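Next come the chains, spelled out residue by residue.
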Amino acid sequence: MIGNDLVDLHQARQESNWRRPRYLEKIFTREEQQLIAAAGYPDTMVWLLWSCKEAAYKRWSSETHQRSFLPKKIAIKDFQETDDHNTSNVEGHLQQQGYTSWVQIADHRYFVQTTLIGDLIHSWTLSAEKKLLLHKVELLGQQDLSKATRSLLYGHLAQYFRWSPTDISIQKNEHGRPFIYYQNKKCKLSLSMTHHGRYGGFLLAEGEG
Amino acid sequence: MNKTERIAAIKRIVEPYVQEKAALENLNEETDFLKDLKINSAHLVDIILDVEDEFDIEIEDEAMEKMLTVGAALAIIEEKVK
């Protein structure tokens, strides 16, 4: 099973005030709150941790077919920066940073990877036996994001499998999980889609399960 | 406050976070905050805090877990304000 999530930091700053009273306590474990308090950029840390939880939740939800709002029961352990950090572009503005964590939900434990590039945070997780086929996140602008993310996916699927885009469709099952159909036949593929602010992306892996 | 007034209060609270404005017109107890109103899950926290402030109640984690629909929110409010 797979799951991914992205946060546009620019958008998050505009639409969410995590400094409002009781906000952090509702979402984060004590350990996570300490990480935020100790962070040089607490704003970034809030959304890094949030995207880890969201990616893990999506995978958990597709594995267990459960839905609930339980951010504090999604516990992030061993949140670490990876070594290949701080690659800056020529101007020094665009910083890239990688993170890994283990995320615990009930008796499930997931390895989650996260990247921060400029103001884009992207987290993803997939089970060890899954073969990752495509992993894309792109700047889509201020259009209808859900539609634009779908177009992005169709374009990449068409290119990857040499399919005609008109033969591709997406259908959601009763749990809200999306599946890819080619010529009206369900494909043995796992898909997780995400969009926020100006960005959209998806994760595609082999196998339906 | 009766049930209709409570639903109206919930509608007022969620409105700023709703991306699917059309679904707001037919808001009822079955309405799902994430699936139907396309509310960003990070904003569910804001809604929970707003509901706490509006009704002067405290929503514990166990209750919060279920708060995915208007009906679930209504049940939690009714339980708490008793």
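Throughout what follows, the structure given in this document is the object of discussion.

Thresholds applied
Residues numbered from 1 in each chain as written. Chains lettered and ligands numbered in written order. Predicted model: local features only at pLDDT ≥ 70, side-chain atom pairs only at ≥ 80, totals over all residues. Heavy atoms only, no water. Axes fitted to C-alpha atoms, helices over the stretch in contact; angles between N-to-C directions. Helix = DSSP H or I, 4+ residues; strand = E, 2+ residues; numbered from the N terminus. Parallel < 35°, antiparallel > 145°, perpendicular 65-115°, else oblique. Left-handed = near helix turned anticlockwise from the far one by under 90°. Contact = heavy atoms within 4.5 Å. Salt bridge = Lys/Arg side-chain N within 4 Å of Asp/Glu carboxyl O. Buried < 20%, exposed > 50% of the residue type's maximum accessible area, 1.4 Å probe, protein only. Pairing = 2+ DSSP bridges. Expected span 1.5 Å × (residues − 1).

Our focus in this paragraph is the packing of helix H1 (residues 3-14) of chain B against helix H5 (residues 70-81) of chain B. Helix-helix packing: each pair is described by the crossing angle between the helix axes and the interaxial distance. All names here are of chain B. Where H1 contacts H5, the two axes come as close as 10 Å, and the packing angle between them is 120 degrees. Between H1 and H5, the angle is such that the two are oblique. The two elements H1 and H5 cross, and the hand of that crossing is right-handed. The residues of H5 that touch H1, namely those facing Lys3, Arg6, Ile7 and Ile10, are Val70, Ala73, Leu74, Ile77, Glu78 and Val81.

Scanning the model with the defined rule gives 19 salt bridges over all chains in all. In this structure, A:Lys73 and B:Glu65 form a salt bridge, with 2.5 Å as the shortest nitrogen-oxygen distance. Within this pair, whereas A:Lys73 is found in the loop between helix H4 (42-64) and strand S2 (74-81), its partner B:Glu65 is found in helix H4 (residues 61-66), the two belonging to separate chains. A:Asp119 is the partner of A:Arg198 in a salt bridge, and the nearest nitrogen-oxygen pair spans 2.8 Å. Taken together, the residues A:Arg198 in the loop between strand S11 (189-196) and strand S12 (199-206) and A:Asp119 in the loop between strand S5 (108-117) and strand S6 (120-126) connect sequence positions 79 residues apart. A residue is classified by how much of its surface remains accessible, and A:Arg198, at 18% relative accessible area, is buried. Here the salt bridges do not stand alone but share partners, grouping A:Arg20, A:Arg22, A:Lys26, B:Asp46, B:Asp50, B:Glu52 and B:Asp53 into one network.

Time to look at the sheet that holds S11(A). Residue and element names in this part refer to chain A. The 3 strands are arranged S7-S12-S11 in an open sheet whose pairing can be described as antiparallel. The open sheet is flanked by strand S7 (132-139) and S11, the only strands paired with a single partner. Along the sheet, successive strands turn relative to each other by an average axial angle of 5 degrees, direction set aside. Relative to S12, S11 runs antiparallel, the two sharing 8 bridges. From the neighbouring strand, Leu191 faces S12, where its bridge partner is Leu204.

All names here are of chain A. Under the 1.5 Å per step criterion, the end-to-end length of H4 is 32 Å for 23 residues, consistent within 8% with the ideal 33 Å. With respect to burial, H4 is a largely interior element, 19 of its 23 residues being buried. Positive backbone phi, approximately 60 degrees, marks His65, located one or two places after H4.

Residue and element names in this part refer to chain A. Taken in spatial order, the 3 strands make up an open sheet running S8-S9-S10, and their pairing is antiparallel. Of all the strands in the sheet, the pair left with one neighbour each is strand S8 (168-172) and strand S10 (185-186). Relative to S10, strand S9 (residues 178-182) runs antiparallel, the two being bridged by 2 bridges. Directly across from Tyr182, in S10, lies its bridge partner Lys185. Where helix H5 (residues 145-161) meets the sheet, its contacts fall on S8 and S9, and the angle it forms with S8 comes to roughly 130 degrees.

All names here are of chain B. Among the secondary structure elements, Ala8 is positioned in helix H1. Here Ala8 falls in the partly exposed class, since its relative accessible area comes to 39%. On a C-alpha basis, the gap between Ala8 and Asn40 in space is 21 Å, while along the polypeptide they are 32 residues apart.

Time to look at the pairing of S12(A). A regular strand places its side chains so that they alternate between the two faces of the sheet. Residue and element names in this part refer to chain A. The buried count for S12 comes to 7 of 8 residues, which makes it a mostly enclosed element. One ladder, built from 7 bridges, connects S7 with S12; its direction is antiparallel. Bridging across to S12, Leu132 finds its partner in Ala205. In sequence, S11 turns back onto S12 through a hairpin of 2 residues, with Gly197 there showing a positive phi of about 60 degrees.

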